[in-house]
Amino acid sequence: MELSHRNILKKSRQQIVDDLDVEDVMDSLIQHSVIDDENVERIRRESTTKARARRLLDILPSRGKKAYGVFLEALRTDYDWLADTLENGDRADRNNTQEINANLTKVLMRGGVPQHHNIIHRVEDMKTIKDALFDLNCGRYVVLHGMAGSGKSVLAAESLRDPQITVEKFGGGVFWLKVGRVDPDQLLKKIRALCLKLDPHTNLPNDLEEAQEILRNLFLSSEYYESLLVLDDVWSSEVVKTLNLPVRTLITTQDTSVMNAVPGTYTVIKIKAGFTEEESLHLLSSHLKVPLEYLPPEAKEIHRESKGSPMVMSMMASLLGESGSVQQTQRQSGRWSYYLTGLKNRRLCKERKLLQYEHENVMGAVQMSVDQLTKQHRSMYEKLAVFLDDDPIPSAALEVLWGVGRYEVEDIMNTFIQKSLAMSEFEPVQDCFVYSVHDLQLEYLKSRLTEEEDQLMHRRFVEKYFDRVHWIFGELPHDNYILTHLGYHLSKAGMDNHFRDIYLNLRYVEKVIKNCGTAAMLYDYRKYHVLITHGQIENEKDFEDFEEFCRTAGVLLSTYPSADIVQLGLAEPQESAVYREAAKLADQELHYFYLEWTNRSSLHSKNVATILHPGKPTDIKFFPDGRVVTSSEEGIIKIWNITTGEVMQRLHGHRKPVKCVSLEPGVGSDLHEVNLCTGGEDGAVKMWRSDPLPEEDHADNHNYSFRRKSVRKPSPKASLVTPFGELLKNNQDDSLNTIQVDGQPDDVEVSSVAWRPGSNQIAVAIRNGNILVYDGSGKEVFRISGHKETVNSLEYNASGRELASGSDDQTVRLWAADTGEFLASINFHEKRVIGLSWLGSAPRLATVSIEQLGIWETPGKGILVNPLQRNRPPSWNCVAASDLYVAAGTSADKMVILWSADSCQVVAALPGHCNHIIKLAFTEDSMYLSSISTDTMMVWEVSGLDSDHQLLSLGPVHHTRWIKNVPVTAAPDDRNRLTLLRQGRTESTSEPETSQVTALVLNKDCDMIVFGTESGHVKLFNTQTDSVTVLGRHDSTVLSIDITSDSIVVSGGLDCTVRIFYLDGSPVVCRGHPSLVRDVRIICNETRVLSMDSKGCLRVWDVRTGEEMNEVRRTETSHATCLDTWEGHGQSLVAVGGVTDGVNIVDLERGELKINIASKANEVRVAKFGPNGKLLVTGHDCGQVQEVPQLVNQRYNGATKTEIQVWDVLTGLPLTSPLSLHSSWVTDLALSGDCSTLVTAGDRLVWWSLKSLLNNQAPTPKRKLSFPTLRTRKTSESRSNRSSAHEDSLLSLSGPNSALASPLATPPSNRHLGFHIGSPSTNQYRPISLHPTSPLAPSNRKVPKVGQDYNQQILQNFIIKGNSVNKVFVNQDFNQFVTVDDAGILYILDEYTPPQTLFV
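Asks: Whenever I open this one, the overall build of the protein chain confuses me. Can you help?
Replies: A tally of regular secondary structure across the protein chain gives 34 helices and 68 strands. Residue burial in the protein chain is summarised as follows: out of 1400 residues, 59% are buried. Long-range contacts, defined here as pairs at least 24 residues apart, represent 58% of the contacts in the protein chain between residues at least 6 apart. If you sum the accessible surface of the protein chain, you get close to 54,500 Å²; carbon and sulfur atoms cover 48% of it.

Asks: Any chance you could explain the sheet that holds strand 1 (residues 141-145) here in plain terms?
Replies: Each strand in a sheet pairs with another by means of backbone hydrogen bonds, the pair being arranged parallel or else antiparallel. Across the sheet, five strands lie side by side as 2-3-4-1-5; this open sheet has parallel pairing. Lying at the two open borders of the sheet, with one neighbouring strand each, are strand 2 (174-180) and strand 5 (266-270). Here the strands of the sheet are splayed against their neighbours by 20 degrees on average, with no regard to which way each runs. Sheet analysis places strand 3 (residues 228-234) next to strand 4 (residues 248-253), joined by five bridges and oriented parallel. Across the sheet, residue leucine 228 finds its bridge partner in strand 4, namely arginine 248.

Asks: Would you mind showing me how to read the pattern of salt bridges here?
Replies: When the charged atoms of two side chains lie near each other, side chains of opposite charge can form a pair. Using the criterion set out here, one finds 60 salt bridges in the structure. In this structure, aspartate 818 and arginine 756 form a salt bridge, with 2.5 Å as the shortest nitrogen-oxygen distance. You can see aspartate 818 sitting in the loop between strand 25 (812-816) and strand 26 (822-826) and its partner arginine 756 sitting in the loop between strand 19 (750-755) and strand 20 (762-766), a full 62 residues away along the chain. Overall, aspartate 818 belongs to the exposed group, its relative accessible area being 55%. For lysine 1019, the salt bridge identified is with glutamate 993, shortest N-O distance 2.7 Å. You can see lysine 1019 sitting in strand 44 (residues 1017-1022) and its partner glutamate 993 sitting in the loop between strand 41 (985-989) and strand 42 (997-1002), a full 26 residues away along the chain. Classification of glutamate 993 as buried rests on a relative accessible area of 11%. Here the salt bridges do not stand alone but share partners, grouping Arg1099, Glu1108, Glu1111, Arg1113 and Glu1116 into one network.

Asks: Would you mind going over the packing of helix 3 (residues 23-31) against helix 4 (residues 37-44) with me for this structure?
Replies: At a closest axis distance of 11 Å, the pairing of helix 3 and helix 4 adopts a crossing angle of 170 degrees. The pairing of helix 3 with helix 4 is recorded here as roughly antiparallel in orientation. Of the residues in helix 4, those in contact with Glu23, Met26 and Ile30 of helix 3 are Val40, Ile43 and Arg44. Along the lines of polarity and charge, the residues of the contact of helix 3 with helix 4 split into four nonpolar, no polar and two charged.

Asks: Help me out: how do you make sense of the sheet that holds strand 8 (residues 432-436) in this one?
Replies: An order of 6-8-7 is seen for the three strands of this open sheet, with the pairing classed as antiparallel. Each of the sheet's edge strands pairs with one partner strand only, and the pair in question is strand 6 (393-394) and strand 7 (423-427). Examined bridge by bridge, strand 6 and strand 8 share two bridges and lie antiparallel to one another. Opposite isoleucine 393, over in strand 8, you have tyrosine 435 as the bridge partner. Packed onto the sheet, helix 22 (residues 406-418) meets strand 7 and strand 8 and runs at close to 45 degrees relative to strand 8.

Asks: How should the packing of aromatic side chains be read in this particular structure?
Replies: Each aromatic ring pair is summarised here by two numbers: the centre-to-centre distance and the angle between the ring planes. Summed over all chains, the structure comprises 26 aromatic pairs. Here tryptophan 402 and phenylalanine 416 contribute two aromatic rings whose centre-to-centre distance is 6.3 Å and whose plane-to-plane angle is 80 degrees, an arrangement assigned as edge-to-face. Here tryptophan 402, found in helix 21 (residues 395-402), pairs with phenylalanine 416, found in helix 22; they are 14 residues apart in sequence, far enough to count as distant. As far as the burial class goes, tryptophan 402 and phenylalanine 416 line up, both buried. Centroid distance phenylalanine 1358 to tyrosine 1387: 5.7 Å. Interplanar angle 80 degrees. Geometry classified as edge-to-face. Within this pair, whereas phenylalanine 1358 is found in strand 65 (residues 1354-1358), its partner tyrosine 1387 is found in strand 68 (residues 1386-1391), the two being separated by 29 residues in sequence. Aromatic rings pair up to connect Phe499, Tyr503, Tyr508, Tyr525, Tyr528 and Phe543 into one cluster. We note arginine 181 situated over the ring of tryptophan 235; from NZ or CZ to the ring centre the distance is 3.4 Å. One Lys or Arg, arginine 1165, reaches over the ring of tryptophan 1225 and ends 4.2 Å from the middle of that ring.

Conventions and cut-offs
- Residues numbered from 1 in each chain as written.
- Predicted model: local features only at pLDDT ≥ 70, side-chain atom pairs only at ≥ 80, totals over all residues.
- Heavy atoms only, no water.
- Helix = DSSP H or I, 4+ residues; strand = E, 2+ residues; numbered from the N terminus.
- Buried < 20%, exposed > 50% of the residue type's maximum accessible area, 1.4 Å probe, protein only.
- Contact = heavy atoms within 4.5 Å.
- Areas by Shrake-Rupley, 256 points an atom, 1.4 Å probe, with all protein chains shown as cover.
- Pairing = 2+ DSSP bridges.
- Axes fitted to C-alpha atoms, helices over the stretch in contact; angles between N-to-C directions.
- Salt bridge = Lys/Arg side-chain N within 4 Å of Asp/Glu carboxyl O.
- Parallel < 35°, antiparallel > 145°, perpendicular 65-115°, else oblique.
- Nonpolar A, V, L, I, M, F, W, Y, C, P; charged D, E, K, R; others polar.
- Phe/Tyr/Trp six-rings, centres within 6.5 Å; stacked < 30°, edge-to-face > 60°.
- Lys NZ or Arg CZ within 6 Å of the ring centre and 35° of its normal.

Following this line, the structure appears as structure tokens:
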């Protein structure tokens, strides 16, 4: 009886027992031979009606398939209600079965479970496997162990076709990974494919450490928690170790020693070498559709000769079944004899003697199967020898190999599959089937080739690909094969001369990285290094440049679809081979817009290694030999080789997150082990000993010969923390000794540990504020109870005589190390103390809270604290110190800041982290500094940073003007000194200011910088004399500032006032704004001041007298964010944007509201008029840009949230779709004079082509074209022929007037407004001319630029080193752009011009 019918009888059993009298259906059951006399007797032997019904129901399932139907018809006579019940249940069960089978098919196809033909169900083995899978728990393994060709993979796949196993037990899905013999790089490639199966949108890992973290978090997610991972054909314990994940795992292998990596976590099922005779005969019977009794005697002979090999028997069944007629197959005993004789002869190859005897049967069967193919198909099959073992073969690669179409490939491969010569599986990411050939079958094919034939086969395969793209390597297709296998085929083909041309080709590098990831490119660089360089010194340097470029810029290419490799290459140093190749491409691609970072040479990166650190690190320390140890919230201690970026050792033992690490001082140099201790939230303090540094790694690490490693910004899934119940699947403990702190669980969490120099004592800080001191045996020596709250940091001084502690109680205390006696304390901090560090051997202590950082001079002898400051608001998160430096990490701008220990001045600001800095550590010689954030570990070379010539980070406020075609930039540096830079080189520097600079502006001649401070002072820095003059002050912070050509200074502040300062007179205070004045600017030919407060209210003042001339309240909004002005066509317009209500545009002369724009869009952060006043461009919180032709006297509020649109000037209707690329706030923007090009700022700089948006706009005057001259490529040293204008005739995209550095206050432009202002005394109007007299000029281009292929509106985007920029300045020709990012890096970007361009 079918299983579904059995289930229906079980479900309806009680109702049948209650209602049925068996005698009423007995005759019908006997008549149709469903029950016999013996059954009748057993039924009637029961004493009650219900008991007889139960007995019948017990007998029916064993009486064959027709029993259910006969029983159902028998019920219809007298028990129609029971018949209806069963029939309805049957219908529901059939529907349910269909749904289950459909779900099963979907799960198996998505997971890539292979399909096999000629299957014989080995009942006993299948039952054992299913039982083991059903009992399998998370973190444990079922291992199928057997020899090659024994059918392990087939059994695994067929066991998963049982819905009760796959659908019910593994609700998260089944994911099949064919492993084979792999090295670490090949394993990474396969794991990347697995990551895509699990999440097609995940960021692909660059190394095994990152891959392990991504997979761990995916399998811990609710979607995949109940899933099964199948690792097919595992040969190495490293594979098991790497894929030791919180998931149920099924492994097939020929060697059970691979499981030594996870002792005690697996169950082994031994798969016998071959079929039993009965199983072999069943296979033949099933495939040939012939009853067992009709099989000829040769069937048993074939079984014996093949030793029951599943692979051989499957291929023999395919060969015997080729007649296509069951009857003919039965009669042709000669056919059986023919194949039996062939199997006995084993017509193998020249290497027959090298094959194991068991493989001879397989090889013979393969040969016979191949011989039976048609000549054409045989030739095609033999060409499969070009592929690697254990590699899936996509259909597209076969199309190239065979020169046929996709559907022909499918037909041919189906033929091979039917003959058991190939297998297929569904690839969900590619949405197609991929194919594979068994290793033994490939071995047969390859063994038949001579070395010359093999080389020729690979050469022809490669040349077919090259011919398709006309040997343009960057246009090779992404067919999921050739980009990751090209190096292999080139080497096999003997085409060594092509390696350099291909692998040092930027377009090919771009193709590989964008489609396969950085890891694939770096893998080929490592593997084919010698072939690429040919041993030549000049090639070696070029190779190093490309490899380094892939590590640093590769992540940008793979992360940002909009990233352009030519643009990234042009941002490299000019001596780099990458720059030279990028310049060649830019010279050829005249229709694309590129930028050259001309002051790039002034940026000397101190970063020597950047490594992804999964698992949320918590602490870091340097070993004396240069290795690094980290702790993490995973509960695992990791020891890293910084030279290679690899984890050399993992130490397990903590049950909860590890919070801190301390090394035994003075121990562990050269090749010796290092002793360390750690403390965790589990209340345990553990001692460990590291492995010694391998001799081959010692030389590099001893000299700190670090190599940069690429890092990928993690996806949200990859940043999750692993739950310990799943991560710690076994009780592995690698520690030497454990001290368990006594007390309540909440009180004994260890927050800090410190190993005392020259002693075996360890100080332990716990959550309740106590400090416990233990000896090496774990005995408590004494306890210190001076702090009232949690102690966050402990550290002994170099002599080991004093112990310092910092606590949540805001104090830093000093204790005698021998007795725990209190010695001294300071109350310098106003917030909890989060870290402290002794300055090497000096008696000085650096301490830090979130708002204060300082050095306690002579602890125990005084209370003097020297504060350490920078020019940005404090957001300290950690501190480390050495004899030479103090370093602190920030949480706001994710920077590492260094001060000189002697001068207490900032000497460097180190950008690079994407998240807040967690911990820092110096090497003993102060040459290197390591830092960790949530997902990244970085190493910096910091020797020699105390030089006065070191360029510090700039900003956050900055301003740029152009003098004689040269950009001049003003900004405070990290010492809070006003700095003037000409063409990116420091020209003048003031003394450090005591209060943060919050607003600044250069005067017209760039010989004065006027600036405001947080303390309210307004000052003037004369760059000729390097002197600072105080002009006056506000009652609180200065927010905005501007200056006239005759040095009248105007400022707005937090005190709600506008103040006007005269160099030869008393300042004027302009009152009237009810809230802070966020923007001021000088307008109307420098006769008026326009100011805006935080509510968007506008006021106009006389610049000479301070008299209020006008007030406009129609722009009022809940929170104003930006301001812009425009004059022309008899109108004077002002646009005010806000967090709500979009942008209000008013006629400043009349105070009338003309239109409200984008009222339903996201918060507007910047709004700018186009040069003709018809176009308004807005930037929003959502990272999108809106282009809105403003409509006078009409109102349109149809814009939906986050939409970006162009509004028609006549109808007010939107004309275009959104411009969206920024992933954060759009903070600034500007249009070219002809409105053809737009630049926007935010998380990057983006240039847009707006030509398609201007088709219906009124034409703008055309520039007079001069005869083109030949131009040479410019560097930062030569700009003599640049036709840029003076700054006062420029559009300053985000003028210097706004002091608020954050994107919340997008600075106003330096536009001047001409309009009629009514005089209060005469009520007359007088005309005021516009200054400047011309808008920003059109682009000075000879060749029109077009957008990128993926988005024609995007001309280019420049990816900055930091996280964001808030202002960008542009010269008149719209071909030079200057900005400073939040990391303080200055960018001078020139539109790239080929060295010699002829225009027709």
